[in-house]
Amino acid sequence: MQEMTSRERVVAALNLNEPDRVPVGSFATHVGGKIVGISVKDYATDGEKMAIGQRALFEKAGFDMLFPFSHVGMYAEGWGSKVRYLEADVSPPISEYRVKEADDWKRVEPFKPEEVPGVQVVVKAIKLLKEWLGDRAFVQGVMFSPMTSATHTAPLGTVLKHVIKKRDLLSLGLEAITESLIMQASAYEEAGADGIFLAITRATKEILTEKQYEEVARKWDEKLLNQIHVPVIAHICGRDPMLDMVSDFPNVKALNWWDRGTNWSLREAKAKFGSRSCLAAGIDQTKTVLMGSPKDVEEEARDAIEQAGEGGGFILFSGCDLPIGTPLANLQAMSESAKRYGQYGSQ
């Protein structure tokens, strides 16, 4: 088979076809900046530096997919939360939440992407990556679902209390957040994003029951997804992710979850969802790629490809975001392993 570009390779996998080889990606953010000596604060606040860090993942690590993004607060600031940058190279935490009590949801308003500095940093990074790399790489806009975004607007514990006792007020906030996200997705599409990486991190049974999620959150996820016009990779966190539910969401082309640490193995997910969803998983970001050797990464990648690579519709991917200290050699091992073990024959 003729060699594909990274973008062609990812698109084929998302469409459940066999590309030339298994594509490689990870929710890799600050680690890209570290590769080229860019601090977390500079990476997070300067779209050009963010793009340079992401380009390094394409050129030095061999990743097919790029994720210009920094931290959750860069969007939550649009709803009034505040972020504190630290001297150490760690992801900036939210230092103050906009919503402190239930009535505050009434005062959460939709933001305009052009008025949120963090969104504009990402927009600039997407534009630059498309200018520099064209259609060679698959560039994604990173976003968070309405319920996940609500937990960046108020503390998680507060949101969970409101799910139980103050749903009407929480729904006002979710409506405003969803309107913001629809505009944000449009801004990323206009900037040239090839896809959206949507983190639906609260769709896990450690946080909400399926009934609670269906009643409180699902309609807002679907309202957002119905307004996205590029492929969506849904990222679901937790040890008991609601893959059954999310796999049926509109416009979701792929599922990404921590297969090495949950009750869903790649093999099980391939059998159940592989006919309708691309799977993006296989690499443990908490152990193997962070603390293991390149040989350890190679062995885990080979195992993942054996579990889910057959027939296409698979992307070798980490289970969540990569820590900033992840060694470049291990990222390279992911890409080399896909070339070594993930080749497909001629169609």
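Scroll up to find the structure.
If you're wondering where the values come from, they're calculated on a predicted model, not measured in any experiment.

Draft legend 1. Expanded view of the layout of surface pockets. Here the largest pocket is characterised by a volume of approximately 420 Å³. Counting residues per element, the lining of the largest pocket draws most heavily on helix H7 (residues 146-153), at 3 residues. Split by residue class, the lining of the largest pocket holds 13 nonpolar, 10 polar and 3 charged. There is about 220 Å³ of room inside the second largest pocket. Taken together, 14 residues form the lining of the second largest pocket, with Glu3, Met4, Arg9, Arg21 and Lys339 sitting closest to its centre.

Draft legend 2. The arrangement of the sheet that holds strand E7 (residues 252-256) in detail. Reading across from one edge, E1-E4-E5-E6-E7-E8-E9 is the order of the 7 strands in this open sheet, with parallel pairing throughout. Edge strands, defined here as strands with exactly one partner in the open sheet, are strand E1 (65-66) and strand E9 (314-318). Bridge count between strand E5 (residues 195-199) and strand E6 (residues 232-235): 4 bridges; the pairing is parallel. Bridging across to E6, leucine 198 finds its partner in alanine 234.

Draft legend 3. Region of interest: the environment of asparagine 15. Residue position: asparagine 15 is located in the loop between helix H1 (6-14) and helix H2 (30-35). Residue asparagine 15 is classed as partly exposed on the basis of its relative accessible area of 38%. Expressed as a C-alpha distance, the spacing of asparagine 15 and isoleucine 52, which sit 37 residues apart in the sequence, is 29 Å. A distance of 3.1 Å separates the side chain of asparagine 15 from the side chain of lysine 253, its partner in a polar contact.

Draft legend 4. Structural view of the pattern of salt bridges. Counting across every chain of the model gives 26 salt bridges. Residue glutamate 215 is joined to lysine 211 by a salt bridge in which the shortest nitrogen-to-oxygen separation is 2.6 Å. One end of the pair is glutamate 215 and the other is lysine 211, both in helix H10 (residues 210-225) and 4 residues apart, which spans about a single turn. With a shortest N-O distance of 3.0 Å, glutamate 214 and arginine 218 are connected by a salt bridge. Pair noted here: glutamate 214 and arginine 218 are both in helix H10, with a separation of 4 residues, about one helical turn. Here the salt bridges share partners, and the residues they tie into one network are Arg7, Lys130, Asp135 and Asp194.

Draft legend 5. Quick peek at unusual backbone geometry. Although it is not a glycine, leucine 16 sits at a positive phi angle of roughly 65°. In this structure, leucine 16 sits in the loop between H1 and H2.

Draft legend 6. Broad picture of helix H8 (residues 156-165). Thr158, Val159, His162 and Val163 are the residues of H8 that are buried. Down the axis of H8, the buried side of the element spans an arc of 145°, and every buried residue falls inside it. The outward face of H8, more than 90 degrees from its buried face, is lined by the exposed residues Lys161, Ile164 and Lys165. Of the surrounding elements, those touching the buried residues of H8 are H7, helix H9 (167-191) and H10.

Draft legend 7. Expanded view of the side chain of glutamate 300. Mapping glutamate 300 onto the fold places it in helix H14 (residues 294-308). A residue is classified by how much of its surface remains accessible, and glutamate 300, at 13% relative accessible area, is buried. At 2.8 Å, the side chain of glutamate 300 and the backbone nitrogen of aspartate 284 are in polar contact.

Draft legend 8. Inspection of the packing of H9 against H10 at higher detail. Between H9 and H10, the least distance of the axes is 9 Å, while the angle of their chain directions is 20°. Taken together, the axes of H9 and H10 lie roughly parallel to each other. Here H9 runs over H10; the crossing is right-handed. Only Gln212, Glu215, Val216, Trp220, Lys223 and Leu224 of H10 make contact with H9, whose side of the interface consists of Arg167, Leu170, Ser171, Leu174, Glu175, Thr178, Glu179, Leu181 and Ile182. Among the residues making up the contact of H9 with H10, the classes are represented as 7 nonpolar, 3 polar and 5 charged.

Scoring rules and cut-offs
- Residues numbered from 1 in each chain as written.
- Predicted model: local features only at pLDDT ≥ 70, side-chain atom pairs only at ≥ 80, totals over all residues.
- Heavy atoms only, no water.
- 1 Å grid on protein atoms, 1.4 Å probe; cavity = no way out; pocket = protein on both sides within 12 Å on 5 of 7 lines; lining within 4 Å.
- Points joined across faces, edges and corners; volume = space filled by probe spheres on them.
- Helix = DSSP H or I, 4+ residues; strand = E, 2+ residues; numbered from the N terminus.
- Nonpolar A, V, L, I, M, F, W, Y, C, P; charged D, E, K, R; others polar.
- Pairing = 2+ DSSP bridges.
- Buried < 20%, exposed > 50% of the residue type's maximum accessible area, 1.4 Å probe, protein only.
- Polar contact = N/O pair within 3.5 Å; in protein donor to acceptor, adjacent residues only side chain to side chain.
- Salt bridge = Lys/Arg side-chain N within 4 Å of Asp/Glu carboxyl O.
- Arc of directions from axis to C-beta.
- Contact = heavy atoms within 4.5 Å.
- Axes fitted to C-alpha atoms, helices over the stretch in contact; angles between N-to-C directions.
- Parallel < 35°, antiparallel > 145°, perpendicular 65-115°, else oblique.
- Left-handed = near helix turned anticlockwise from the far one by under 90°.

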